Each structure stands twice: as structure tokens, then as C-alpha cells.
Amino acid sequence: MSRLKLGIPKGSLQESTIELFAKAGWRISVSSRSYYPAIDDPEIECMMVRAQEMARYVESGALDAGLTGKDWILETGADVEEIAELVYSKTGLGRVRWVLAVAEDSPVKSVCDLEGKVIATEAVKMTERYLAKHAVNARVEFSWGATEVKVPQLADAIVEVTETGSSLRANHLRVVDTLLESATWLIANRAACKENWKHEKIQHMAMLLQGAINAYSRVGLMLNVRRDDLEKVLAALPSLRNPTIAQLSDSGWVAINTIVEETTVRHLIPRLKAARAEGIVEYPLNKVVY
């Protein structure tokens, strides 16, 4: 049987990735003592790999496909096929930012003020390219972790990844500039993409994962409405495309089925009820595929 060797990011993206795969239709079970998670698809073999290393292993063919950030693709310079951008992160749907940060009371106002200074970061190459772009000579030191606490005793500035900025604020750091915005990507080995079976498997995976992301913030709504009230109900109802309208057994009534942003429902249902809609049902979604 043909198998697709798939890299699952170990670390900060691990839990959100496994949750995303569950919504897309795959159940992945991780053991704390194994780097080879079980998956309920005999055509896929999973391996846990740090996101920082994923692109290198996909490029070499040790993995056929994997999920990692655009930041680590650029940092490693790996030659891989970028299949689909999947905008999710550790805490939700959204991108992360790599920022240049200094102590709150630092006199540094821009990168130009870091001439001859020390910058700690995990993304050394990214930082060096950024400094070269601004013609700044500074020493970039690789940070093995806890980068936020290295300012000001061990470094004059840091380049660190952030989602909300809360960790930076908690460590009394101030953002000077943003180097890069990044999101998760499904990537593939170029040779694997030339194999018809693997190419199709990867493309189908990308479609279902994107469908799961599309569904994260949305819910379905079903409701019944008299034909005489249909126009004013539709006027109150936002829709992903156009709502589906079906005739009920009583010719004077129709059923409406649509998809809406979950955050709008608490305002929408009272408006629909005021427009004389009945039998309103809200239901969760796993995937929305355009």
C-alpha cells in the first residue's frame, strides 16, 4: 500500500494542528513517549517534527509533506512546494508576527539605533537579512529559548515571534518594528508532488484542512418562514453565498438554510424572530468547502 509520510509540528502548533485535522476528518492520537502518532488513515504515516526543522526534512524527502510556518521556510531556505496557506496559530485563527523589541525604557527608537549592539533571536538568518536591508551592523546571537528575559542584561534587543504581544508586555518590552508576518503552510516535497497518488492525496488534504479553517468562525442556520414574510427575512439574513430556500409540504411555507459568522448570531436570531421566522436552529460546522 502507498503511504504518505506526513510531518506534524511538535511544540506550540501541535495541539491546534491535531484539532484542525480532527475537524478535517482525521483523528490523530499522540503518545508522550512516541514521535510517531497514530492516525485513522492507513494511507498516512505521521511523524512529530519541530516546526523549525520541518521544511528541511520535507525538502530532503524524509517526509512527503508537513505543516510549518512560512517563517521557518524562509529561515531554512528550503526548496519545497508550498501547497496551501492555512491561517491558524497556537491560540486561534490568525497570523503571527516576528518583531524587533527592546526594553520599555530603552533609548532605541529604530533599528538604526542598534548599530554595534547585540540582538538575541531564534531566527538568526531572518534577523541578519533585516539588518543588512537597513545597513546596520549588529551581533546576532542564537537564542535557545526564554528570549524575552534576555533584555537588557544579556542582549540589547530581541527578535521574537508573537501572536498577541502579551508575553512581550509582561516582560516589559516595547516593539520597535515588525520583520515578518507569518502563517502556517502545508508544504510538500517536490518529487512527491510528481507522483500522481501522493499529489492527489496532498491536494485533497489541503482542501479539507482549508475547509475546516473556513468553518471555524461560522455556524449553520435553519429556519422556517411564511412565503409572505420571505422578503423581510432575507433582508435580515447575511449569507455565505445565497441562502438555500426549499419548499415545505405546506405550500405557504419555505425552509431557509444558510451559513453565517458565529459572532453575528446573538444579534441575528432576534431580528429573524421579529421578521416572523420560526423553528430557528443553529448548528456547528466542521468544514466549509468553496
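In what follows, the accompanying structure is described. Everything numeric here is computed off the predicted structure, so don't read it as measured data.

Notes on the packing of helix α1 (residues 14-24) against helix α7 (residues 196-215)
In step 1: Contact pair α1 / α7: the axes reach a minimum separation of 8 Å and the direction vectors enclose 100°. Taken together, the axes of α1 and α7 are roughly perpendicular relative to one another. Judged by residue contacts, L20, F21, K23 and A24 of α1 engage M205, L208, L209, A212 and I213 from α7.
In step 2: Among the residues forming the contact of α1 with α7, the class breakdown is eight nonpolar, no polar and one charged.

Here we look at the environment of L20
In step 1: Along the chain, L20 turns up in helix α1.
In step 2: Considered as a pair, L20 and L208 are 188 residues apart in the sequence and their alpha carbons are 9.6 Å apart.
In step 3: Once you skip the residues sitting within four places of it in the chain, L20 turns out to touch Y88, L209, A212, I213 and Y216.

Brief notes about the sheet that holds strand β5 (residues 65-69)
In step 1: The five strands are arranged β4-β1-β5-β12-β6 in an open sheet whose pairing can be described as mixed. Only two strands of the sheet have a single neighbouring strand rather than two, namely β4 (44-50) and β6 (81-86). Mean inter-strand twist for the sheet, computed between neighbouring axes without regard to direction, equals 30°.
In step 2: In terms of strand pairing, β6 meets strand β12 (residues 184-188) through five bridges, oriented antiparallel. Counterpart to E81 in the pairing with β12 is A188.
In step 3: Here α1 sits on the sheet and contacts β1 (4-10), β4 and β5; the angle it forms with β1, its principal contact strand, is near 135°.
In step 4: α7 contacts β1, β4, β5, β6 and β12 of the sheet and is inclined by roughly 15° relative to β6.

Remarks on α1
Residues three or four positions apart in an α-helix share a direction because the helix packs 3.6 residues into each turn.
In step 1: Of the positions making up α1, those classed as buried are Q14, S16, T17, I18, L20, F21 and A24.
In step 2: Looking at the packing, one finds that the buried side of α1 touches β1, β2 (28-29), β4, β5 and α7.
In step 3: Positive backbone phi, at 120°, marks G25, one or two positions downstream of α1.

Concerning the sheet that holds strand β11 (residues 173-182)
The strands that make up a sheet are held in pairs by hydrogen bonds between backbone atoms, and each pair lies either parallel or antiparallel.
In step 1: Strand order in the open sheet formed by five strands is β9-β8-β10-β7-β11, and the pairing between neighbours is mixed. Both outer strands of the open sheet, β9 (139-142) and β11, are each paired with one neighbouring strand and no more. Between one strand and the next, the sheet's axes are offset by a mean angle of 25°, whatever the strand orientation.
In step 2: Judged from the four bridges that link them, strand β8 (residues 118-121) and β9 form a sheet pairing that is parallel. Bridge pairing links T121 to F142 in β9.

A short note on unusual backbone geometry
In step 1: Backbone torsion omega between V151 and P152 reads 5°, so that peptide bond is classified as cis.
In step 2: Structurally, P152 is set in the loop between β9 and β10 (157-162).
In step 3: One non-glycine residue with positive phi stands out, namely A146, at about 50°.
In step 4: Structurally, A146 can be placed in the loop between β9 and β10.
In step 5: Of note, the phi angle at R276 is positive, near 80°, even though the residue is not glycine.
In step 6: Residue placement: R276 occurs in the loop between α9 (265-274) and β16 (278-284).
In step 7: Classification of R276 by relative accessible area gives partly exposed; the value is 40%.

Some details on the pairing of β12
In step 1: Counting buried positions along β12 gives five out of five residues, so the element sits mostly inside the fold.
In step 2: Residues T184, L186 and A188 line one face of β12 and the alternating positions W185 and I187 line the opposite face, and both faces are buried.
In step 3: With five bridges connecting them, β5 and β12 associate as antiparallel partners. Residue pairing in the sheet places G69 in a bridge with T184 of β12.

Procedures and definitions
Residues numbered from 1 in each chain as written. Predicted model: local features only at pLDDT ≥ 70, side-chain atom pairs only at ≥ 80, totals over all residues. Heavy atoms only, no water. Axes fitted to C-alpha atoms, helices over the stretch in contact; angles between N-to-C directions. Helix = DSSP H or I, 4+ residues; strand = E, 2+ residues; numbered from the N terminus. Parallel < 35°, antiparallel > 145°, perpendicular 65-115°, else oblique. Contact = heavy atoms within 4.5 Å. Nonpolar A, V, L, I, M, F, W, Y, C, P; charged D, E, K, R; others polar. Pairing = 2+ DSSP bridges. Buried < 20%, exposed > 50% of the residue type's maximum accessible area, 1.4 Å probe, protein only.

Everything listed here is a matter of geometry and, on its own, says nothing about what the molecule does.
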